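Chain by chain, the residues run as shown.
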Amino acid sequence: MSLDREARERLVRALARSVIEHADELTSLDQAIGDGDHGLNMKRGFEAVLAALPDLADKSLPEMLKVIGMTLVMKVGGASGPLVGTFFMELGKALPEQSTRADLVAATEKAINAVKVRGRSEAGQKTLLDVLVPVQAVLAGGGDAKAIAAEAVQAADRTIPMLAIRGRASFLGERSVGHMDPGSRSASLLIRAAVETLESEVDS
Ligand code: ADP
Ligand code: MG
């Protein structure tokens, strides 16, 4: 996988659009089991990322991902900012400039492990890891772009019956059951946007 400048810019715009266009939905999800700021947090972060274009796309893919990650850590805030930001930064650190699918598998695994350390969390606790982990497994198992995008949507849906044991939603105990985790929804939107933009690279 090697993205030219135009493809890198397309990727950044698609990622940003995916969460900005769904900010109200993310807000409602976070109003149900959190404090209602997730939509605005993510929107603020990705507006800052968009503001860094076009310079951002002049960088190599790994460098671009690192800058996106740092921007998200600084601008998103909340619990999700450092976690989503860590994912992008570590992905950038782990990806070589010319990356194969195997490199992407290894780099996403490293990035997810960094999120786990940062959040002191694991899959199964009703957080964005409940999307990242199963989607990465589909990628590692050779799934194509369609399978990866479908898993992202299904994994976010599977957080609905879960009991939250990390993050603000965990304060609700049993009342966290029956609602989709907002961070899982934003992760699934970002994954779908990335996969749709990179379809030909993912499948090659
Ligand atoms: P805050 O909870 O501080 O208001 P946000 O609303 O922006 O922050 O983000 C909430 C999301 O962050 C949750 O839906 C969950 O997916 C994710 N999250 C929160 N805490 C953790 C954690 N310890 N590990 C992994 N993800 C977490
Ligand atoms: Mg919140």
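Our subject is the structure listed above.
Just so it is clear, the model here is predicted, and its values are computed rather than measured. (Residues numbered from 1 in each chain as written. Chains lettered and ligands numbered in written order. Predicted model: local features only at pLDDT ≥ 70, side-chain atom pairs only at ≥ 80, totals over all residues. Heavy atoms only, no water.)

Engineer: In this structure, what is going on with helix H6 (residues 80–94)? I would like to understand it.
Structural biologist: An α-helix turns once per 3.6 residues; consequently, residues spaced three or four apart project the same way. Across its 15 residues, H6 extends 21 Å between first and last C-alpha, which sits within 8% of the 21 Å expected from 1.5 Å per residue. Where burial is concerned, most of H6 is hidden: 12 out of the 15 residues are buried. Buried within H6 we find Ser-80, Gly-81, Pro-82, Leu-83, Val-84, Gly-85, Thr-86, Phe-87, Phe-88, Met-89, Leu-91 and Gly-92. Looking at the packing, one finds that the buried side of H6 touches helix H1 (5–20), helix H3 (38–51), helix H5 (61–75), helix H7 (101–119) and helix H8 (129–140). (Helix = DSSP H or I, 4+ residues; strand = E, 2+ residues; numbered from the N terminus. Expected span 1.5 Å × (residues − 1). Buried < 20%, exposed > 50% of the residue type's maximum accessible area, 1.4 Å probe, protein only. Contact = heavy atoms within 4.5 Å.)

Engineer: What am I meant to see in the packing of H3 against helix H10 (residues 182–197) here?
Structural biologist: Geometrically, a packed helix pair is captured by the angle between its two axes and the distance between the axes. Closest axis-to-axis distance for the H3/H10 pair is 10 Å, and the angle between their directions is 35 degrees. When the axes of H3 and H10 are compared, the crossing they make is right-handed. Across the interface between the two elements, His-38, Met-42 and Phe-46 from H3 touch Pro-182, Gly-183, Ser-186 and Leu-190 from H10. Grouping the constituent residues of the contact of H3 with H10 by class yields four nonpolar, three polar and no charged. (Axes fitted to C-alpha atoms, helices over the stretch in contact; angles between N-to-C directions. Left-handed = near helix turned anticlockwise from the far one by under 90°. Nonpolar A, V, L, I, M, F, W, Y, C, P; charged D, E, K, R; others polar.)

Engineer: Help me understand the site of ligand 1, please; the structure alone is not making it clear to me.
Structural biologist: Looking at ligand 1, there are 19 residues lining it, with Asn-41, Ala-79, Ser-80, Ser-121 and Asp-181 nearest. Between ligand 1 and Ser-121, the relevant distance is 2.6 Å, taken from a nitrogen atom to a side-chain nitrogen or oxygen of the residue. With the chains in place, 92% of the 560 Å² that ligand 1 exposes on its own is no longer accessible. Considering only residue class, the shell around ligand 1 consists of four nonpolar, nine polar and six charged. (Near = heavy atom within 4 Å. Polar contact = N/O pair within 3.5 Å; in protein donor to acceptor, adjacent residues only side chain to side chain. Areas by Shrake-Rupley, 256 points an atom, 1.4 Å probe, with all protein chains shown as cover.)

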